Each structure stands twice: as structure tokens, then as C-alpha cells.
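Examination of the molecular architecture
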Amino acid sequence: MTGLTHALYSIANKLCLARTKIRRYEHARWTTDDNRRVFPFEWGLEHIGGRRDEQDPRGFLHAWVNETLAHSDDWFAVTPTDDYVLHPPENGASGGRVLTFTSQILSPWPKNNLVHGRFFRARASGPAVVLLPNWNAKWNGQLNLCRWLTSLGITVLRLSLPYHDMRVAPGHERADQLIGTNVGLTLQATRQAITDTRRCLRWLEQQGYTRLGIVGTSIGSAVGSITMAHDPAVRAGAFLHVSTYFADAVRTGMTTMHVWEGMRTKVTEEELRRYWTPVSPVPYMHRLRDTGQRI
């Protein structure tokens, strides 16, 4: 066995061991949650401009996907808002201040339409990032990451995604609308997350931050990379547990198996990938070519 072959074999073996370790960790985390519910399948076309009683939902969605991908700048466009409020620190200065503002996308749940974020100021100007956590992250999730970034001199605005913590829909314990068995509502909720993120970026600009970035984990990586592909103000993005095609991640993920369980007899794998393409990162990655943005 040559030295190179031995080195490659060693690397492959370590990767296999790491994969096993990560899988065990993921399974252990998965077993701690016992509030996953399988909801009935819904087309939910009324959430994306269609009719709830559409006679041909597949035909509507195929045409809608083509139109949305062709005009994604319009679909993800953000309008100004003048109701940003920066509240006093929560639980002392280490908990960050709370920013609230009205979401551009008005969902059927008023509670979800008031956006919450936690602001950790490192400096009065310079670099700042919007931090987008994983699906079902708690209000206090990833705060150590926020504090670590501020210790590096990077200001952080941690966004609570739609239907999370302060924004949870009545009767739900989890963010079942952001990733769920309702095709149209999942599309609307992810679009809402992206426009909320862009309003966060606009607020940071108003505060004097000109070097902007995004840090995202899991669903946060999908929201963040799509935002980055549509917002030239974002100079860099760091994405963890990266998403590719939205439907593929939902269909094959351990923590989302209950979502696919409610859908698998109603739509095929190929259909769902097609329907959720507008909220998938891959179709937009070409937009980052030659922009100078770093990912």
C-alpha cells in the first residue's frame, strides 16, 4: 500500500467513524422530543395566490413554480417598514436586546406576524450578521454562538424564524407550518422567513453596519443562502448542516420523517421536489457567481 493510498484509507476510515458518531448523536437528540404530530396533507394553494378548492392543484403548482423561479426577485422582494422597536436587554446584557417589527408576509396567525430577534452589539459599526437557527430552535438557542461572534467583534442579530417561540401558532408546540404537510403554507412560511431576514438586514444598515453577512444552520442555511442570492448587501455567508433541495431534506431527514409520513401517499418524491423548488437553495446558486460574495 503506497503512502497516498494509506493516507486516503485512513481519512475514509475516520470519516466513517465520524459519520457513525454524528448519527448516534442525531438519534439521541431526536429521541428527546415526543411532541411530533402527523398532520393531514393539504395543498394550501390559498397561501400562494391560488384557490383552496383548485380542481387541478398539480397543474396550478407546475405553472406557479415556473413563474416564481423566473421572477424570484419579485417574490422575495422586501418593502420598508417603520415600526422597528429595540427593547431593553432580556435577563441582563448577556441576553441581548430584543428587536421587534411587523413581518412583510401576513399569515393567518397574528402572533406569527410580529417578528422577534435578539440583538448582540459588538461595536457601533463594522461587521454584522443575521443569525438564522435550526428548525424548532428555542428562544435561548445558539446564544453562545452569538456571544462568541461578538467576542470576535461581529455584531449579531439572531432572528426567530416564523412560527417559533414567540411566534408559535395557537394549538402548536412546534413550528409545524414552516416545515409541514401543507404544501402552500410551507412555501409561504419560508418566503416569510426570507423577507423577515431581509428586513433585519435593512435595520442593521440603518444602524450603520455596512459589512453584512448571514450565519445559518439547517433550515437557516436554506433561508440564508436564498436571501444571499437575492440581496447583494450580503457580503458573506456561513452555513452549517447545509440544505440543498428542500423536499429532499424533509423526505430523508430523521427529524422530519413525521412530515413525510403525512405526505407520501399524496405526492411523489419528484413532485414534492418540484413544488418546493422555489424555497430550495440550489436553483439560485448561479446568482452568486462573479458577485464577490463569499459563501
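Structural data are supplied above this passage.
The shown structure was predicted, so the numbers you read here are calculated from the model rather than taken from an experiment. (Residues numbered from 1 in each chain as written. Predicted model: local features only at pLDDT ≥ 70, side-chain atom pairs only at ≥ 80, totals over all residues. Heavy atoms only, no water.)

The next thing to look at is the overall build of the protein chain. Scanning the protein chain from terminus to terminus reveals nine helices and seven strands. For the protein chain, the residues scored as buried account for 49% of the 295 residues in total. Summarising the internal contacts of the protein chain: among those between residues at least 6 apart in sequence, 70% fall at separations of at least 24. Total accessible area on the protein chain stands at roughly 14,600 Å², and carbon and sulfur atoms take up 54% of it. (Helix = DSSP H or I, 4+ residues; strand = E, 2+ residues; numbered from the N terminus. Buried < 20%, exposed > 50% of the residue type's maximum accessible area, 1.4 Å probe, protein only. Contact = heavy atoms within 4.5 Å. Areas by Shrake-Rupley, 256 points an atom, 1.4 Å probe, with all protein chains shown as cover.)

In this section: the pairing of strand 4 (residues 126-132). Judged by how many residues are buried, strand 4 sits mostly within the fold: seven of seven residues are covered. Sheet analysis places strand 4 next to strand 5 (residues 155-159), joined by four bridges and oriented parallel. Across the sheet, the residue bridging to Leu131 is Arg158, located in strand 5. With helix 4 (residues 143-151) bridging strand 4 and its parallel neighbour strand 5, the resulting β-α-β unit is right-handed. (Pairing = 2+ DSSP bridges. Right-handed = clockwise from strand over helix to strand, strands pointing away.)

Further remarks concern helix 6 (residues 219-230). Compared with an ideal rise of 1.5 Å per residue, which puts 12 residues at 16 Å, helix 6 spans 17 Å between its outermost C-alpha atoms and is within 8% of the ideal. Among the 12 residues that make up helix 6, 12 are buried, leaving the element largely enclosed by the rest of the structure. Taken together, the buried positions of helix 6 are occupied by Ile219, Gly220, Ser221, Ala222, Val223, Gly224, Ser225, Ile226, Thr227, Met228, Ala229 and His230. In this structure, the buried residues of helix 6 make contact with helix 3 (72-75), strand 4, helix 5 (183-206), strand 6 (209-217), strand 7 (234-240) and helix 7 (246-252). (Expected span 1.5 Å × (residues − 1).)

In the structure shown here, the tally under the stated rule is nine aromatic pairs. Each ring, one from Phe119 and one from Trp203, has its centre 5.0 Å from the other, and the planes form 90°; the classification is edge-to-face. Linking Phe119 in strand 3 (residues 114-120) with Trp203 in helix 5, this pair joins segments that are 84 residues apart in sequence. Considered together, Phe119 and Trp203 belong to a single accessibility category, that of buried residues. Every member of this aromatic cluster is reached through a ring pair, and the members are Trp64, Trp75, Phe76 and Tyr284. Over the ring of Trp135 we find Arg174, and its NZ or CZ is 5.2 Å from the ring centre. Directly above the aromatic system of Tyr245 lies the positively charged group of Arg273, at a separation of 3.9 Å from the ring centroid. (Phe/Tyr/Trp six-rings, centres within 6.5 Å; stacked < 30°, edge-to-face > 60°. Lys NZ or Arg CZ within 6 Å of the ring centre and 35° of its normal.)

Our focus in this paragraph is the sheet that holds strand 3. The strand order 1-2-3-5-4-6-7 describes an open sheet built from seven strands, whose pairing is mixed. Here the strands that pair on one side only, and so sit at the sheet edges, are strand 1 (85-89) and strand 7. Within this sheet the neighbouring strands show an average axis-to-axis angle of 25°, counted without direction. (Axes fitted to C-alpha atoms, helices over the stretch in contact; angles between N-to-C directions.)

Scanning the entire structure with this criterion turns up 13 salt bridges. The closest approach of N and O atoms between Asp231 and Arg198, which form a salt bridge, is 3.0 Å. Taken together, the residues span a long stretch of sequence, with Asp231 in the loop between helix 6 and strand 7 and Arg198 in helix 5 at a distance of 33 residues. Exposure class is identical for Asp231 and Arg198. Each is buried. (Salt bridge = Lys/Arg side-chain N within 4 Å of Asp/Glu carboxyl O.)

One finds Val183, Leu204, Ile219, Met263 and Trp276 to be the most contacted residues of the largest nonpolar core, which totals 61 residues. By residue number, the principal contributor to this core is helix 5, which donates 10 residues. Among the nonpolar cores identified, the runner-up in size contains eight residues, and Phe120, Leu143, Cys146 and Leu149 belong to it. (Core = buried A, V, L, I, M, F, W, Y, C linked by side-chain atoms within 4.5 Å.)

Relative to the assigned elements, Pro108 resides in the loop between strand 2 (97-102) and strand 3. Among all residues touching Pro108, those that are not within four sequence positions of it are His47 and Gln188.

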